[in-house]
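Coordinates in review
Now for the letters of each chain:
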Amino acid sequence: MPFREISSKMVEARVAPGQRMFSQRGAMIAYRGEVSFTPSIQGGQGGIGSMIGRRLAGEAAPLMTVEGDGTVLFGHGGHHVEVIELSGDTLYVEADRLLAFDGTLEQGTMFMGSQGGVMGMVRGQVTGQGLFTTTLKGHGSVAVMAHGGVLRLPIAPGRPVHVDPQAYVAHHGDVRNKLSTALGWRDMVGRGSGEAFQLELSGQGEVFVQASEEKL
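Note that the coordinates shown come from a computational prediction; the quantities given were computed from them, not determined experimentally. Every residue gets a number counted from 1 within its own chain, in the order that chain's sequence is written. Reporting in this predicted model follows two pLDDT cut-offs: at least 70 for local features of residues, and 80 or more for side-chain atom pairs to be given and counted; totals over whole chains, interfaces and linings ignore these cut-offs and use all residues. Hydrogens and water are ignored here; the side-chain numbers use all heavy atoms of the structure.

**Here we look at the overall build of the chain**
What counts, and what does not: Numbering of helices and strands starts at the N terminus; helices are DSSP runs of H or I of at least 4 residues and strands are runs of E of at least 2. Note on definitions: a residue-residue contact is assigned when non-hydrogen atoms from the two residues lie within 4.5 Å. Here the Shrake-Rupley method, with its probe set to 1.4 Å, supplies the accessible areas, and only the displayed protein chains count as covering residues.
What the chain contains, in helices and strands, is three helices and 13 strands. Taking all contacts inside the chain whose residues are at least 6 apart in sequence as the whole, residues at least 24 apart take part in 82%. Of the accessible surface of the chain, which amounts to about 9,900 Å², a share of 53% is contributed by carbon and sulfur atoms.

**Here's the deal with the pattern of salt bridges**
So the rule is basically this: For salt bridges, the criterion is a side-chain nitrogen of Lys or Arg within 4 Å of an Asp or Glu carboxyl oxygen. Note on exposure labels: buried denotes an accessible area under 20% of the residue type's maximum, exposed denotes more than 50%, and partly exposed covers the range between, all computed with a 1.4 Å probe on protein chains only.
One pass over the full model with this rule turns up four salt bridges. Residue Glu12 pairs with Arg32 through a salt bridge whose shortest N-O separation is 2.8 Å. With Glu12 in strand S2 (residues 10–15) and Arg32 in strand S4 (residues 28–39), this pair connects stretches of sequence that are 20 residues apart. Residue Glu82 pairs with Arg152 through a salt bridge whose shortest N-O separation is 3.1 Å. In this pair, Glu82 is assigned in strand S6 (residues 80–93) and Arg152 in strand S10 (residues 150–155), connecting sequence segments 70 residues apart. You can call Arg152 partly exposed: its relative accessible area is 33%. Linked through salt bridges whose partners overlap, the residues forming this network are Arg4, Glu12 and Arg32.

**Notes on the nonpolar core**
Short version of the rule: Joining through side-chain atoms within 4.5 Å is the link that ties buried Ala, Val, Leu, Ile, Met, Phe, Trp, Tyr and Cys residues into a set, and such a set is a nonpolar core.
Residues Leu91, Phe101 and Val142 are the most contacted members of the largest nonpolar core, which totals 17 residues. Those elements that place two or more of their residues in this core are S6, strand S7 (98–102), strand S9 (132–146) and strand S12 (168–181). The residues touching Phe101, leaving out its near neighbours within four places in the chain, are Phe3, Met21, Phe22, Leu63, Gln107, Leu136, Ser141 and Val142. Of all hydrophobic cores here, the second largest spans 16 residues; its members include Ala13, Val66, Phe74 and Ala100.

**Let's talk about the pairing of strand S13 (residues 197–210)**
In plain terms, the rule: Pairing between strands is defined by DSSP: at least two bridges between them are needed.
Pairing between S10 and S13: six bridges, direction antiparallel. From the neighbouring strand, Arg152 faces S13, where its bridge partner is Phe208. Taken together, the three bridges between strand S11 (residues 161–163) and S13 define a ladder with antiparallel strand orientation. Bridge pairing in S13 places His162 opposite Glu200.

**Some thoughts on the packing of aromatic side chains**
Defined as follows: Geometry of aromatic contacts follows a simple scheme: Phe, Tyr and Trp rings, the Trp one being its six-membered ring, pair when their centres are within 6.5 Å, and the pair is stacked under 30 degrees between planes, edge-to-face over 60, tilted otherwise.
Per the stated rule, a full pass over the model turns up three aromatic pairs. Taking 5.3 Å as the distance between ring centres and 55 degrees as the angle between the ring planes, the aromatic pair formed by Tyr31 and Phe37 counts as tilted.

**Observations concerning the confidence of the model for the chain**
Stated precisely, the cut-off is as follows: Confidence of the predictor at the level of single residues is captured by pLDDT, which takes values from 0 to 100.
On average, residues of the chain score 79 in pLDDT, and 70% of them are at 70 or above. By mean pLDDT, helix H2 (residues 113–127) is the weakest element of the chain at 44, and S4 is the strongest at 96. The low-confidence segment residues 47–59, where pLDDT is below 50, has 25 contacts with residues more than four positions distant or belonging to other chains. The model gives residues 114–130 a pLDDT under 50, and that stretch makes 47 contacts with residues more than four places away or in other chains.

Spelled out as structure tokens, the structure:
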């Protein structure tokens, strides 16, 4: 069920019988046809384990199951909306940036510190970002939100991309992440982004960044 971009802040999705999608609570703007919206208990294809993992991660963004026969307009808070198409690969995205996604996608949770070591753990304590990132895997569409628009930056072997952690939206591909700082431990206190921290993404893939550091 691909999304059709109506404007930079709104997408339209076709809901067909026997299929479903998930959206963030409050994301529905309008709909046509016989469409139902119910709270998601399992939190997507990841099941109960995924839901519990997201709650432990502090990323339990409320999801709604969308089913029926019709079309739905999605948007939220006037934020910019970016549509990402997955072709069997995995998308890593902050849970609070998810607007809506195909119900066929398998949902999970990844601990960002698992690749970044101790410095990866600092991310949640100082930058205000979550230690965990939601994963969506398979074939389908994902609509994500951001402040001030989204820029797609390619990640190539030998050419890593450094991103302000609070400007990070999502990434996909064969990519490793590592959080680093140019400041000492005492200097880091009270500094959440910019010169204090850099999220280094290396490998082969693409990272999505927003134009503003403001959190959703």
